Amino acid sequence: MTDPKDTINIENVVASTGIGQELDLQSVAMDLEGADYDPEQFPGLVYRTQNPKSAALIFRSGKIVCTGAKSTDDVHESLRIVFDKLRELQIQVNEDPEIVVQNIVTSADLGRNLNLNAIAIGLGLENIEYEPEQFPGLVYRLDDPEVVALLFGSGKLVITGGKKPEDAEHAVDKIVSRLEDLGLLE
Amino acid sequence: RLRKWQERIRTKDAGERNLQFALSEIDRMASALGVPRSVREVASVIYRRALKEDLIRGRSIEGVATSALYAACRKEGIPRSLEEISEVSRVERKEIGRTYRYISQELGLEMRPVDPKKYVPRFCSELELSEEVQTKANEIIEKTAEEGLLSGKSPTGYAAAAIYAASLLCNEKKTQREVADVAQVTEVTIRNRYQEQIEAMGIHG
DNA sequence: ACGTTACTTTTCAAAGC
DNA sequence: GCTTTAAAAAGTAACGT
C-alpha cells in the first residue's frame, strides 16, 4: 500500500538565469577549462559542473540555462559554481541573479501494471496519445497542474513540464484517482 | 485589379495542382501497397480535411499525404506499419509518424491502437501458413493481450511472435528470420515477445 | 545469444539561422 | 521549424563478440 506519491523522484531540473552582463564567449571558451563552444552548431557555450552534476548553457547575452540537476538546491549550487568560475575570469556577475525554474522532470511508480489499451479508451482517445509502434508510453496531458505524464505498462510514469515539485505530486494524485474511478488500477 | 485577379487564378491553380499531386501520390502509394480503393478514398477525405483545416502549413504535401494514407489503412482495419509505408513514400519514417500524430490529434480522428491480430492474415499469407496457424496466432494474441502483455509493445512485433509460436504449435514451423522479414522486425523482438507469450499461455513451446 | 550503445517520446529555457 | 543540454520511462534496433 505504498503511496505512489512517496515514489516520486526528481530526475532533472531546468532553470534559467542571467549575470546581467554581455559576454565574449570566444574568450570565455579559451579561459574556461572544459568549456565546449561551437557557434556554428549552437550559439551557447556548454559548461559542465561535476558536483552537483549539471550542464550550463552560457549565452552572449549573459543569460544562462542550467539543466541536469536533481533538485532545485542543486540548480542553485551548480549556478553558484558557474558564477564563481566567471568571476575568476574577471567577469562581473550580479550579486544574486534571479534563478527561475522552467521545468522539472519527475519519475514515479503506481506499483501495478497498467493496461494501456484500456486506459487509452478510459481516459478518452481525444485526451491521450498512445502509439506503441512509435513509443511505448501513453501521453496524458493534464490541465491542472499543467504537466504532461507518460504512463508505461509497468506502472511507472514520468511527469514533466511542471515548475514546482508539488506539481508532480498533484499530478500523481489526479492520475491515481482518475484510474481508480475508471477501475483501471489494480 | 487585373493583377489581383491573375494572382487569385494563379493561387487557385497552384492549390489545385497541389491537391492533384497529393491525391495522385496517395493513389501511387496505395497501389504500391496493394490496398483497396476504399482506403484511398478514406485517405483522400483525410487529406482534404487536413487541407481545409490548414494543417499543411510548415509541412510537406507528401508528408501529409503519406500520413493520411497511414491513418486510412488503420481506420479501414488493414494497417500497414510505418516501416512499410515509408518504403513507398519518399518521406522518412520519423516524419510520417510525427505528421500522423499531428493530423490525428488536430482532426480528432480518435484512432484506436492497432490490434496485432489485424496483421495476422497478411503476414501468414506471405509466409504461406494455414488457416489453422492464423487461428492459433489470433488465440495467442487475444489471450496474452487480455493479461496486459500488449501494453507498450509494437503491434507488428507482437503479431510476429504469435505467428512464430503458432507455426511451431501447428507443426508448420517458420524460422524467426522468416517471420521477422515479413513483419519487418528483428529476431530479437520476436524472441522476447515469444518468450512472454508462451509463458503467459502456459505452453512449453 | 549475449552485451553495449543509441535511438524513439515528453518538457524547457537560451540565440541564431 | 531547427540547432544544444539533461533526465526518466520501456521498446526496438544495430552494432560487436
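Scroll up a little and you will see the structure.
Structural notes, computed from the coordinates. Values in this document were obtained by computation on a predicted structure and should not be read as measured data. Note on numbering: residues in each chain are counted from 1, in written sequence order. To label them, take the chains in the order written and letter them from A, then take the ligands in the order written and number them from 1. A pLDDT threshold of at least 70 governs which residues receive local features in this predicted model, and a stricter bar of 80 or more applies before side-chain atom pairs are shown or counted, although totals over entire chains, interfaces and linings include all residues. As a rule here, side-chain values come from all non-hydrogen atoms in the structure, and water together with hydrogens is ignored.

A short note on the pattern of salt bridges
The line we're drawing: One side-chain nitrogen of Lys or Arg within 4 Å of one carboxyl oxygen of Asp or Glu is enough to make a salt bridge. Helix and strand definitions follow DSSP, with helices as H or I runs of at least four residues and strands as E runs of at least two, each counted in order from the N terminus. Here's how the labels work: a residue is buried when its accessible area is under 20% of the maximum for its type, exposed when over 50%, partly exposed in between, all with a 1.4 Å probe on protein chains only.
On inspection of all chains with the given rule, the structure shows 28 salt bridges over all chains. Glu-22 of chain A is the partner of Arg-60 of chain A in a salt bridge, and the nearest nitrogen-oxygen pair spans 3.4 Å. Here the residue Arg-60 of chain A occupies a position in the loop between β4 (54-58) and β5 (63-69), and Glu-22 of chain A occupies one in the loop between β1 (9-18) and α1 (25-31), the gap between them amounting to 38 residues. Take Arg-60 of chain A and Glu-22 of chain A: they sit in the same class, and that class is exposed. Close ionic contact of Glu-196 of chain B with Arg-193 of chain B constitutes a salt bridge, the shortest N to O distance being 2.9 Å. Here Glu-196 of chain B and its partner Arg-193 of chain B are both found in helix α10 (residues 187-201), 3 residues apart, which amounts to about one turn of the helix. Overall, Glu-196 of chain B belongs to the partly exposed group, its relative accessible area being 27%. Because the salt bridges share partners, they merge into one network encompassing Glu-77, Arg-80, Asp-84 and Arg-87 of chain A.

Here's the deal with helix α2 (residues 72-88) of chain A
Residues and elements named next belong to chain A. Selection criterion: A helix is expected to span 1.5 Å multiplied by its residue count minus one. Residues are treated as being in contact if the distance between any of their heavy atoms lies within 4.5 Å.
With 17 residues, α2 should cover 24 Å at 1.5 Å per step; its first-to-last C-alpha distance of 24 Å lies within 8% of that length. Residues of α2 that are buried: Val-75, Ser-78, Leu-79, Ile-81, Val-82, Phe-83 and Leu-86. Those residues of α2 that are buried lie in contact with β1, α1, β3 (45-49), β4 and β5. Once α2 finishes, Gln-90 follows within two positions and takes phi at roughly 65 degrees, a positive value.

Examining a nonpolar patch on the surface
Residue and element names in this part refer to chain B. For clarity, the cut-off: Any residue with relative accessible area above 30% and no salt bridge may belong to a patch, with like charges joined within 9 Å and the nonpolar Val, Leu, Ile, Met, Phe, Trp and Tyr side chains within 5 Å. Here the accessible surface of atoms and residues is derived via Shrake-Rupley with a 1.4 Å probe, and residues count as covered only by protein chains that are part of the display.
Taken together, Leu-2, Trp-5 and Ile-9 make up a surface patch of nonpolar side chains, about 370 Å² in accessible area. Relative to the assigned elements, Ile-9 resides in helix α1 (residues 2-33). Residue classification places Ile-9 among the partly exposed positions, given a relative accessible area of 42%.

Brief notes about the state of the cysteines
Residues and elements named next belong to chain B. To keep it simple, the criterion reads: The definition used for a disulfide is geometric: two cysteine sulfur atoms within 2.5 Å.
Scanning all chains against the criterion turns up 0 disulfides over all chains. Cys-124 supplies the cysteine sulfur nearest to Cys-170, a cysteine that is in no disulfide, at a spacing of 9.4 Å. Of the residues examined, Cys-170 reaches a relative accessible area of 12% and is grouped as buried.

Details of the protein's contact with DNA strand D
What counts is decided by this rule: If a single non-hydrogen atom of a residue is within 4 Å of a molecule or strand, that residue counts as near it. Contacts described as polar in this section are N or O atom pairs within 3.5 Å, which, within protein, must combine one atom able to donate a hydrogen with one able to accept it, while residues neighboring in sequence count only if both atoms come from side chains. Following the grouping adopted for this structure description, the nonpolar residues are Ala, Val, Leu, Ile, Met, Phe, Trp, Tyr, Cys and Pro, the charged ones are Asp, Glu, Lys and Arg, and the polar ones are all others, Gly among them.
Neighbouring DNA strand D are 30 residues, the closest being Arg-48, Thr-67 and Ser-154 of chain A together with Arg-98 and Arg-193 of chain B. The share of sugar and phosphate among atoms of DNA strand D within 4 Å of the protein is 72%. At a separation of 3.5 Å, a sugar or linking oxygen of DNA strand D approaches a polar side-chain atom of Lys-70 of chain A. Interatomic distance of 2.2 Å between a side-chain N/O atom of Ser-154 of chain A and a phosphate oxygen of DNA strand D. For the surface near DNA strand D, the secondary-structure elements that each account for two or more residues are β1, β3, β4, β5 and β10 (156-162) of chain A together with α10 of chain B. Tallying contributions element by element places β1 of chain A first for the surface near DNA strand D, with 3 residues. Across the surface near DNA strand D, the residue classes break down as 12 nonpolar, 10 polar and 8 charged.

Examining unusual backbone geometry
With an omega dihedral of 0 degrees, the bond running from Asn-51 of chain A to Pro-52 of chain A counts as a cis peptide bond. Along the chain, Pro-52 of chain A falls in the loop between β3 and β4. Backbone torsion omega between Asp-144 of chain A and Pro-145 of chain A reads 0 degrees, so that peptide bond is classified as cis. Along the chain, the position of Pro-145 of chain A falls in the loop between β8 (138-141) and β9 (148-151). At Glu-110 of chain B, a residue that is not glycine, the phi angle is positive and equals roughly 50 degrees. Note that Glu-110 of chain B resides in the loop between α5 (93-106) and α6 (120-126). We classify Glu-110 of chain B as partly exposed; its relative accessible area is 41%. With a phi close to 55 degrees, Glu-128 of chain B is a non-glycine residue in the positive phi region. Relative to the elements of secondary structure, Glu-128 of chain B occurs in the loop between α6 and α7 (131-146).

Comments concerning the environment of Phe-135 of chain A
Residue and element names in this part refer to chain A. On the secondary structure map, Phe-135 appears in the loop between β7 (128-129) and β8. Looking at Phe-135, the relative accessible area reads 38%, which means it is partly exposed. As for Phe-135 and His-76, which are separated by 59 residues in sequence, their C-alpha atoms are 34 Å apart. Discounting chain neighbours no more than four positions away, the residues touching Phe-135 are Leu-150 and Phe-152.

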